[in-house]
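Listed here are the chains, written in short residue letters.
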Amino acid sequence: MEDVYIIGAGIHPFGRTDGRSGRDQGVFAVRQAMADAGIEWTDVGCAYGGSAAAGSADIMVNELGLTGLPFINVANGCATGGSALASARNAIAAGEFDVALAVGFDKHPRGAFNAKPRDYGLPEWYGQTGMMLTTQFFALKIQRYMQLYGISRETLGRVAEKAFRNGVHADHAWRRSPVDLETILNSPMVNDPLTKYMFCAPAEGAVALILASGKKVRELGADAVKIASVAVRTRPPGSFEVFAPSVDIDNGGKPTILASKAAFEQAGIGPEDISVAQLQDTESGAEIMHMAENGFCKDGDQEQWLREGRTEITGSLPVNTDGGCLACGEPIGASGLRQVYENTVQLRGRGGGRQVPGRPKAAYSHVYGAPGLSGVCILER
Amino acid sequence: MAQLEPIAENLWTNEAEPALIGGRLPNGKIVFPYPSGDAAEGVEPYRLSRKGTLWSWTRQDFQPKEPFEGPEPFQPYLLGYVELPGEVIVETRIVDCVLEDLKLGMPMEFVVAPFDATRATYAFRPEKA
């Protein structure tokens, strides 16, 4: 396969932007990404994009221009961005186009997501009795993990503290003030053991990435970052996932482990080669568990890692350098691409106050979502 | 007290000591609830064990949006997963205890519990010593 590169990255600030639709935020991000890449809309050969709650992406051609390009709508839940990226990359790798767009955007109502049982093939009583909440799943997963591997509540707090500290330096972040550990631990409980400050909130935002072939990179003299691998995987048997009225007694399989292995294999490198990682942190517990599921540490080692600051921007493996979902919020369609955006920023050395020192060479991103899917992307400089 | 209606039909058995109704797949795996529609093809109804061990738990501290139909005013409630040995791990309400009582692996037993003024749902509670 042809190597594929990211040559332009654009982002609409995450958070709340009253008066601007999710799709308009997407258009904003696309224009910024094209300017960054030094191309025009007429240069874009094909496009993939979508949102979970803000409509179809292909209508963007009304604003961007009726060039006749193929624009594929992607509707893949939390992996919408990841799937758009994988598709755009494949279109270039296959040699059909030299420039492709991957775009994700969203705009969710305030408060926790309220999923409908029938959309997930579940009986009505599951929602009626109050067991179909994403926040509960995260609490239930980390509760068990904490008992099995000796993770403390303080460590959950440290993850959130780091996120808000990093978000201060990210222009696109929503929460841009530090929050101290005491405040995080003592904020109202949402689902034990997770407090309000340990959860991200549904939000708004958009990200666009311009991908190009090696030929196009040379032609433009672009500031390019290579896509070493992209892997999207759904759940294996025995996995414990969101919205599960029951779990197999032979449990332990995880979509993240599958996606991570596939991505490392494709890239031909291992966890020890990664210099910066963006790991899905829907809440503090997710970041902790995903450190192990993605192969960066053993189960239980997170207690020591967090205490020693190893995942800080100056640590041995900086994690969620822009504050992740905790500081940026979660617009589902854009969230996975935000991680890739941040890694692009880091590899180009444009991170400013949040720049990982020592010229990072390989960057890892991981998104996870309902009903049990993961997307991993590895970028190299 | 008037008889409470089950929140849904065929969730648990109608007998003196009721139990959840799961399904046994052709490959022997036990699932809960019993599947509906085409997914039920070849699945045998399976009476699940009334006893198990606590697999995980949490407390719902904020009022969920619809489709939640719990009584007003909202009261926080406990829920979790109970492992039924050799069968399946089921998600369930947890009753007759407080958060601080709950420990990984503790013995739990099945109970039909009031959901609101007119309906009952299934739950597990710490097994009485």
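Note that the structure is a prediction, hence the values are computed from the model and not measured.

A.B. asks: Just to check I follow, could you spell out the pairing of strand β2 (residues 21-24) of chain B for this structure?
C.D. replies: When a strand is regular, its side chains alternate between the sheet's two faces. All names here are of chain B. Where β2 lies against strand β4 (residues 44-47), 4 bridges are found, and the strand directions are antiparallel. When the bridges of β4 are listed, Arg-24 appears paired with Glu-44. The sheet contact formed by β2 and strand β3 (residues 30-31) spans 2 bridges and is antiparallel. Bridge assignment links Gly-23 to a residue of β3, and that residue is Val-31. Between β2 and β3, which follow one another and run antiparallel, lie 5 residues, and Gly-28 among them has a positive phi close to 95°.

A.B. asks: Whenever I open this one, the sheet that holds strand β2 (residues 46-50) of chain A confuses me. Can you help?
C.D. replies: Sheet strands line up and pair through hydrogen bonds in the backbone, either parallel or antiparallel. Residue and element names in this part refer to chain A. A sheet is described by the order of its strands in space; here 9 strands give the open sequence β3-β2-β4-β7-β1-β8-β12-β11-β10, paired in mixed fashion. Bordering the open sheet on either side are β3 (71-73) and β10 (276-279), each of which pairs with just one other strand. Strand-to-strand twist of the sheet, defined as the mean angle between neighbouring strand axes without regard to direction, takes the value 20°. Note that strand β1 (residues 4-15) and strand β7 (residues 204-213) share 9 bridges and pair antiparallel.

A.B. asks: Before we go on, may I ask you to explain helix α9 (residues 255-267) of chain A in this structure?
C.D. replies: The α-helix winds at 3.6 residues per turn, so residues separated by three or four positions along the chain end up facing the same way. All names here are of chain A. Across its 13 residues, α9 extends 18 Å between first and last C-alpha, which sits within 8% of the 18 Å expected from 1.5 Å per residue. Residues of α9 that are buried include every one of Pro-255, Thr-256, Leu-258, Ala-259, Ser-260, Ala-263, Phe-264 and Ala-267, and no others. Contact partners of the buried residues in α9: β8 (225-234), α10 (284-293), β11 (362-369) and β12 (373-380). Gly-268 occupies a position one or two residues after α9 and carries a positive phi of about 70°.

A.B. asks: Would you take a moment to explain unusual backbone geometry for this structure?
C.D. replies: The bulk of non-glycine residues show a negative phi, and the bulk of peptide bonds are trans. With an omega of 10°, the peptide bond between Asp-192 of chain A and Pro-193 of chain A qualifies as cis. Here Pro-193 of chain A is to be found in the loop between β5 (189-191) and β6 (194-195). The omega torsion across Glu-66 of chain B and Pro-67 of chain B is 20°, close enough to zero to call that bond cis. Within the element layout of this structure, Pro-67 of chain B appears in the loop between β5 (51-60) and β6 (77-84). Of note in the backbone geometry, Arg-359 of chain A takes a positive phi value of approximately 45° without being a glycine. According to the C-beta neighbour criterion, Arg-359 of chain A is exposed, with 11 such atoms within 10 Å. Positive phi, normally seen in glycine, also occurs at Asn-10 of chain B, with a value near 60°. The residue Asn-10 of chain B is located in the loop between β1 (5-6) and β2 in this model.

A.B. asks: Help me understand the sheet that holds β4 of chain B, please; the structure alone is not making it clear to me.
C.D. replies: Read from one edge to the other, the open sheet built from 3 strands follows the order β3-β2-β4 (chain B), with strand pairing classed as antiparallel. With one partner strand each, in any of the chains shown, β3 and β4 of chain B form the two edges of the open sheet.

A.B. asks: What am I meant to see in the nonpolar core here?
C.D. replies: Grouped burial of nonpolar side chains is what soluble globular proteins tend to show. Of all hydrophobic cores here, the largest spans 157 residues; its most connected members are Ala-100, Ala-102, Leu-209, Ile-210 and Leu-211 of chain A. Setting aside residues up to four positions removed in sequence, Ile-210 of chain A forms contacts with Ile-7, Gly-8, Ala-33, Met-34, Ala-37, Ile-39, Val-99 and Leu-101 of chain A.

A.B. asks: Please explain the environment of Lys-162 of chain A as it appears in this structure.
C.D. replies: Residues and elements named next belong to chain A. Considering the arrangement of structural elements, one finds Lys-162 in helix α6 (residues 153-167). On the neighbour-count criterion, Lys-162 (28 C-beta atoms within 10 Å) is buried. As a C-alpha pair, Lys-162 and Gly-50 span 112 residues in sequence and 30 Å in three-dimensional space. With near-sequence residues (within four places) excluded, Lys-162 lies in contact with Thr-311 and Glu-312.

A.B. asks: Just checking my understanding: could you explain α10 of chain A for this structure?
C.D. replies: Residue and element names in this part refer to chain A. Among the 10 residues that make up α10, 9 are buried, leaving the element largely enclosed by the rest of the structure. The complete set of buried residues in α10 reads Ser-284, Gly-285, Ala-286, Glu-287, Ile-288, Met-289, His-290, Met-291 and Glu-293. In the stretch just after α10, Gly-295 is the one whose phi turns positive, near 90°.

A.B. asks: How do you make sense of the interface of chain B and chain A when you look at a structure like this?
C.D. replies: Frequently, the measure chosen for interface size is the accessible area removed from exposure when the parts meet. Contacts between the two partners involve 38 residues from chain B and, on the opposite side, 29 residues from chain A. When residues of the side of chain B that touches chain A are traced back to their parent elements, those giving at least two are β5, β6 and β7 (88-94) of chain B. When grouped by side-chain class, the residues that make up the side of chain B that touches chain A number 21 nonpolar, 7 polar and 10 charged. The pairing of strand β9 (residues 246-247) of chain A with β7 of chain B spans 2 bridges and is classified as antiparallel. The residue of β7 of chain B that forms the bridge with Val-247 of chain A is Ile-89 of chain B.

The rules we used
Residues numbered from 1 in each chain as written. Chains lettered and ligands numbered in written order. Predicted model: local features only at pLDDT ≥ 70, side-chain atom pairs only at ≥ 80, totals over all residues. Pairing = 2+ DSSP bridges. Helix = DSSP H or I, 4+ residues; strand = E, 2+ residues; numbered from the N terminus. Axes fitted to C-alpha atoms, helices over the stretch in contact; angles between N-to-C directions. Expected span 1.5 Å × (residues − 1). Buried ≥ 20, exposed ≤ 12 C-beta atoms within 10 Å, placed from the backbone. Contact = placed C-beta atoms within 7 Å. Core = buried A, V, L, I, M, F, W, Y, C linked by C-beta atoms within 7 Å. Nonpolar A, V, L, I, M, F, W, Y, C, P; charged D, E, K, R; others polar.

Shape descriptors only; they carry no functional weight alone.
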